[in-house]
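Below are the chains, spelled out letter by letter.
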Amino acid sequence: MKKVDIIALIDDDPAFVFITEKIIEMTNHFNEVKVFENGLNALNYLKENLKNSQHLPDIIFLDLSMPIMDGWQFLEEYALLNIKNKSKITVYICSSSISPYDITRAKNISEVEDFIIKPITKEKLKEIVSAF
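Along each chain, numbering runs from 1 in the same order as the chain's sequence is written. Per-residue local features of the predicted model are confined to residues with pLDDT of at least 70, and side-chain atom pairs are confined, for both listing and counting, to 80 or more; whole-chain, interface and lining totals are unaffected and use all residues. Side-chain numbers here rest on the full set of heavy atoms in the structure, without hydrogens or water.

Student: Would you mind going over the packing of aromatic side chains in detail, with residue names and values included?
Tutor: Paired rings are identified among Phe, Tyr and Trp, the last through its six-membered ring, by centres lying within 6.5 Å, and are further divided according to the angle between planes into stacked (under 30 degrees), edge-to-face (over 60) and tilted (the rest). This structure, assessed with the given rule, holds three aromatic pairs. Relative to tyrosine 45, the ring of phenylalanine 36 has its centre 5.4 Å away and its plane inclined at 45°; by these criteria the two rings are tilted. Here's how the labels work: a residue is buried when its accessible area is under 20% of the maximum for its type, exposed when over 50%, partly exposed in between, all with a 1.4 Å probe on protein chains only. A relative accessible area of 14% means that tyrosine 45 is categorised as buried. Judged by centre distance (5.8 Å) and plane angle (75°), the ring pair of phenylalanine 61 and tyrosine 92 falls under edge-to-face. Linking phenylalanine 61 in strand E3 (residues 59-62) with tyrosine 92 in strand E4 (residues 90-95), this pair joins segments that are 31 residues apart in sequence. For a lysine, the NZ atom is tested; for an arginine, the CZ atom; a charge sits over a ring if that atom is within 6 Å of the ring centre and within 35 degrees of the ring normal. Positioned over the ring face of phenylalanine 16 is lysine 118, at 4.3 Å from the centre of the ring. Runs of H or I in DSSP of at least four residues are treated as helices and runs of E of at least two as strands, each being numbered from the N terminus.

Student: Tell me about the pattern of salt bridges, and name the residues and values.
Tutor: Here a salt bridge means any side-chain nitrogen of Lys or Arg lying within 4 Å of a carboxyl oxygen belonging to Asp or Glu. The tally for this structure, following the rule as stated, stands at seven salt bridges. The partner of glutamate 25 in a salt bridge is lysine 22, and the shortest N-O contact between them spans 3.7 Å. Residue glutamate 25 and its partner lysine 22 are both found in helix H1 (residues 14-27); the two are separated by three residues, about one turn of the helix. Residue classification places lysine 22 among the partly exposed residues on the basis of a relative accessible area of 37%. Notably, a salt bridge pairs aspartate 114 with lysine 124, separated by 3.5 Å at the nearest N-O pair. Remark: lysine 124 occurs in helix H5 (residues 122-131) and aspartate 114 occurs in strand E5 (residues 112-117); sequence separation between them is 10 residues. On the accessibility criterion, lysine 124 (18% relative accessible area) is buried. Through salt bridges that share partners, Lys107, Asp114, Lys124 and Glu127 make up one connected network.

Student: A description of the packing of helix H2 (residues 39-48) against helix H3 (residues 71-80) should follow, citing residues and the corresponding values.
Tutor: Between H2 and H3, the least distance of the axes is 9 Å, while the angle of their chain directions is 15°. Accordingly, the angle class assigned to the pair H2 and H3 is roughly parallel. Between H2 and H3 lies a crossing whose hand is right-handed. Residues Gly39, Ala42, Leu43 and Leu46 of H2 form the contact with H3, whose own contacting residues are Phe74, Glu77 and Tyr78. Each residue is assigned to one of three groups, with Ala, Val, Leu, Ile, Met, Phe, Trp, Tyr, Cys and Pro labelled nonpolar, Asp, Glu, Lys and Arg labelled charged, and all others, Gly among them, labelled polar. Among the residues forming the contact of H2 with H3, the class breakdown is five nonpolar, one polar and one charged. Angles here are taken between N-to-C directions and fall from 0 to 180 degrees, while the axes themselves are lines fitted to C-alpha atoms, restricted in helices to the stretch in contact. Roughly parallel here means an angle under 35 degrees, roughly antiparallel means over 145, roughly perpendicular means 65 to 115, and every remaining angle is called oblique. Left-handed describes a crossing whose near helix is turned anticlockwise from the far helix through less than a right angle; right-handed describes the clockwise counterpart. The contact criterion used is simple: two residues touch if any of their non-hydrogen atoms lie within 4.5 Å.

Student: I'd like a rundown of the pairing of strand E1 (residues 4-10), residues and numbers included.
Tutor: With respect to burial, E1 is a largely interior element, six of its seven residues being buried. In this structure, E1 lies alongside strand E2 (residues 30-36), joined through six bridges in parallel fashion. Each bridged residue has a counterpart across the sheet, and for isoleucine 6 the counterpart in E2 is glutamate 32. When the strands point away from the viewer, a crossover counts as right-handed if the path from the first strand over the helix to the second runs clockwise. Viewed along the sheet, the connection from E1 through H1 into E2 turns out right-handed. Judged from the four bridges that link them, E1 and E3 form a sheet pairing that is parallel. What makes two strands pair is DSSP finding at least two bridges between them.

Given below as structure tokens:
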């Protein structure tokens, strides 16, 4: 199975980040994990690396409910970024929300590949990597 170079976790929940990092390590399909506690930190990182595509994540796991800049605000700003080869970045919303409104809203955003209800399982990660 392929290896994904960089995965970004944008989430303020330390327990989710810890568990997800452990699952990522167990699958052995990712070279690097970048963690951002809110959408603004992640957005700033993306802006700083617009010209360095090798530093950009291949996959983003985005939480919706975060301080400073939530997932919805991040997506609005992300859509405006002029990232070369943006189509190579796959965004998954990872949320504990089971609201049909949130799921429908997410699926109507072209940058979002899928809506994953937390937690992320090892099986789901393998499915994502094989689709990559």
